[in-house]
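Spelled out from the first residue to the last, the chains are:
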Amino acid sequence: RGPDHVSQLPPETLLRLLGYLGPADLCRCSQVCRRWAALTRTGSLWRHLYPVRWATGDSYQGPPGEVDQEPNEEWVRSRQHEGRANQHWDEDADIDESEGSPWALAAVRREKALLKGLGYHLLPAVGVSVRSLVLAYSSTVSSKMVRQMLSLCPGLSHLDLTQTDISDSAFDCWSLGASPRLQHLDLSGCGKISDQTLRKLSVALGNLPAPQVPGRGGRLLRSAPLPVPALLDGRTPHPAGRKRQAIVFGVPAPPAPGPPRVWLLDPLELADIEDAAEWGRRRAGGDTRGLTGASLEGGSSSSSSSCCCRRSRRRAHRTALSASFLQHRLSVAAAAGGGDGPGGRDSSSCCSGPAAPRTKNGGPPSQGPGGACTRPLRFLSLSGCHQVTDAGLRALSQRGGLPSLEHLNLSGCLLVTEVGLQELVSACPALNDEHFYYCDNIDGPHADTASGCQNLQCGFRACCRSGE
Ligand code: FES
């Protein structure tokens, strides 16, 4: 046989080619040889994961902002049917074949196998690079699976668990504060979720740093050292690294003679840097089957939050209240000599200060001083989570509140009251009333401008007016 020309391509070219393949083809490529297997475990190839869609043959791998978030009603009905067929599913148990159509059972089997493979084989290798995990309408995912996936994906910014059967235990790893980048969390239809999850979420998002405003002595209340990421060769990044320009990182010279290979990195593409670090570690560990260097250009990966709003009963935008609240909290903190609020936990003032703009399309920046990302949650849907109470909302309003939250859906949260809503809204200065949903029977905050309950005619999520 002649030489295998494809395998002789430089690894950076192979990696670029692999980027055009879908998940099924990538898995096939990983079985070609050890070198290809190592390449297919590069983090940037697995940035956005849609295992439920992949199980149906849809190989979409783009950022979640481009996905139509409106549930297809026909599809929802079929998933509900599958859910009944597999209602008491356990990941180690056999599938009950007594109910459900053959097509539905085959889809359930595919999904189950894919999720298990994802958790046991793929995520341990690429989990740190994963930014989006969409498990919406999965009839087979369990709390145990979600818990395992979350522990392997500390950099998640988009998590969609819509209409799944998970419980609070799925988020146990968040009790350690393991998800500081989370921007989008959709728990719509997760009826087993309670206040425990919201407490864990608040811990996972971290604490906002104390506001840096002049104290009574004219000094900063607190000054934290700016975090500087360590790079492969131990140098600090370019001070103007926020600009979109290539930066060159040196890596150890290859054992064979020749010019040293370099990574060409886009500073806005964190995955490129992670890939460089990943392959640097592999080289340090003696794995010479992988890249000897790579030249990569960043792709589009920014996840944009989109909403599934279909009805806005009362539309308008709040303007001054939240800004004045922030100003009040800052003045209270300054008068108290700085530091956190009662218990050392509550510091609802955003690090961006009272002048941070509150706009229709975007809240204040989620980055604190020095680029430290703090509580960047922008989208939270608890629609149909009927066990959530004011205590859960209070947990979210602590540790600095949610300064970036724009979309909040509490439709079907039957146990929350006006008091809990008011407390949370006071800690969400970026909240857009157009994307703020709660029960029509509550005379809560911004009743004239907020949107109403979304579950009135939903049929499969909790609502106090179901059946009317
Ligand atoms: Fe009250 Fe839907 S929960 S109107």
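Residues numbered from 1 in each chain as written. Predicted model: local features only at pLDDT ≥ 70, side-chain atom pairs only at ≥ 80, totals over all residues. Heavy atoms only, no water.

The next subject is the overall build of the protein chain. When its secondary structure is counted, the protein chain shows twelve helices and ten strands. For the protein chain, the proportion of its 468 residues judged to be buried stands at 48%. Within the protein chain, contacts between residues separated by at least 24 positions form 71% of all contacts whose residues are at least 6 apart in sequence. For the protein chain, the accessible area works out to roughly 21700 Å², and carbon and sulfur atoms hold 53% of it. (Helix = DSSP H or I, 4+ residues; strand = E, 2+ residues; numbered from the N terminus. Buried < 20%, exposed > 50% of the residue type's maximum accessible area, 1.4 Å probe, protein only. Contact = heavy atoms within 4.5 Å. Areas by Shrake-Rupley, 256 points an atom, 1.4 Å probe, with all protein chains shown as cover.)

Turning next to the packing of aromatic side chains. A ring pair, where both rings are aromatic, is described by two values, the distance of the centres and the angle of the planes. The full count for this structure, using the stated rule, is four aromatic pairs. For the pair W46 and W54, a centre-to-centre distance of 6.2 Å together with 65° between the ring planes defines the contact as edge-to-face. Its end group placed over the ring of Y50, R53 keeps NZ or CZ at 5.7 Å from the ring centre. (Phe/Tyr/Trp six-rings, centres within 6.5 Å; stacked < 30°, edge-to-face > 60°. Lys NZ or Arg CZ within 6 Å of the ring centre and 35° of its normal.)

This brings us to the pattern of salt bridges. Within this structure, the stated rule accounts for seven salt bridges. Measuring nitrogen to oxygen at the nearest pair gives 2.6 Å for the salt bridge that ties R28 to D25. Pair noted here: R28 and D25 are both in helix α2 (residues 23-29), with a separation of three residues, about one helical turn. In this structure, the salt-bridge partner of K192 is D165, at a minimum N-O distance of 3.3 Å. (Salt bridge = Lys/Arg side-chain N within 4 Å of Asp/Glu carboxyl O.)

Moving on, we come to helix α8 (residues 195-205). In terms of residue burial, α8 counts as a mostly covered element, since eight of its eleven residues are buried. Listed in full, the buried residues belonging to α8 are D195, T197, L198, K200, L201, S202, A204 and L205. Of the surrounding secondary structure, the elements contacted by the buried residues of α8 are β4 (184-186), β8 (379-381) and α11 (390-397). At the C-terminal side of α8, G206 shows a positive phi close to 85°.

Here is a general trend for soluble globular proteins: nonpolar side chains tend to be buried in one another's company. If you look at the biggest cluster of nonpolar residues, it comprises 71 residues, and the most contacted ones within it are L159, I166, F171, W174 and L187. Setting aside its immediate chain neighbours within four residues, I166 contacts V141, S142, S143, V146, L161, F171, L187, C190, K192 and I193. (Core = buried A, V, L, I, M, F, W, Y, C linked by side-chain atoms within 4.5 Å.)

Taken in spatial order, the seven strands make up an open sheet running β1-β2-β3-β4-β8-β9-β10, and their pairing is parallel. Looking at which strands have only one partner, the edges of the open sheet turn out to be β1 (48-49) and β10 (436-437). Two strands pair when backbone bridges link them, and β8 and strand β9 (residues 407-409) are joined in this way by three bridges, in the parallel orientation. What sits directly across from S381, in β9, is N409. (Pairing = 2+ DSSP bridges.)

For the pair α8 and α11, interaxial distance at closest approach is 8 Å and the crossing angle is 5°. It follows from the interaxial angle that α8 and α11 lie roughly parallel. Across the interface between the two elements, D195, L198, R199, L201 and S202 from α8 touch A391, G392, L393, A395 and L396 from α11. Partitioning the contact of α8 with α11 into residue classes produces six nonpolar, two polar and two charged. (Axes fitted to C-alpha atoms, helices over the stretch in contact; angles between N-to-C directions. Parallel < 35°, antiparallel > 145°, perpendicular 65-115°, else oblique. Nonpolar A, V, L, I, M, F, W, Y, C, P; charged D, E, K, R; others polar.)

Three or more residues of helix α12 (residues 418-426) are buried, namely G420, L421, L424 and V425. In an axial view of α12, the angular spread of the buried residues amounts to 125°, which keeps them on one side of the axis. Contacts made by the buried residues of α12 are with α11, β9 and β10. (Arc of directions from axis to C-beta.)

Now for the environment of L115. Turning to its location among the elements, L115 is positioned in helix α6 (residues 102-126). C-alpha separation for the pair L115 and A55, spaced 60 residues apart in sequence, amounts to 9.1 Å. Those residues in contact with L115, other than ones at most four positions away along the chain, are P51, L135, S138, T140, V141, M145 and M149.

Once that is clear, we can look at the confidence of the model for the protein chain. A low pLDDT means the predicted coordinates there should not be read in detail. Looking at the protein chain as a whole, the pLDDT averages 71, with 56% of positions reaching at least 70. The low-confidence segment residues 83-93 (pLDDT under 50) makes 25 contacts with residues lying over four places distant or belonging to another chain. Scored by ipTM, the complex comes to 0.98, with pTM at 0.68. (pLDDT = per-residue confidence, 0-100.)

Before going further, it helps to spend a moment on the packing of α11 against α12. Relative to each other, α11 and α12 sit at 10°, their axes nearing to 8 Å. On the basis of the axis angle, α11 is roughly parallel to α12. Residue-level inspection shows D390, L393, R394, L396 and S397 of α11 in contact with α12, the latter providing V419, G420, L421, E423 and L424. Here the residues of the contact of α11 with α12 sort into five nonpolar, two polar and three charged.

One non-glycine residue with positive phi stands out, namely Q163, at about 55°. Note on placement: Q163 falls in the loop between β3 (158-160) and β4. Judged by relative accessible area, which is 19%, Q163 ranks as buried. Unlike most non-glycine residues, H446 shows phi in positive territory, near 55°. The topology assignment puts H446 in the segment after β10.

Tracing the backbone through its elements, the reader meets L380 in strand β8. L380 sits in the buried class, given a relative accessible area of 0%. Placed 192 residues apart in sequence, L380 and S188 show a C-alpha to C-alpha distance of 9.1 Å. Not counting chain neighbours up to four residues away, the residues in contact with L380 comprise L185, L201, L396, L405, H407, L408 and N409.

So, about the environment of P64. Along the chain, the position of P64 falls in the loop between α4 (51-55) and α5 (73-85). The spacing of P64 and Y50 is 14 residues in sequence and 9.1 Å in space, taken between C-alpha atoms.

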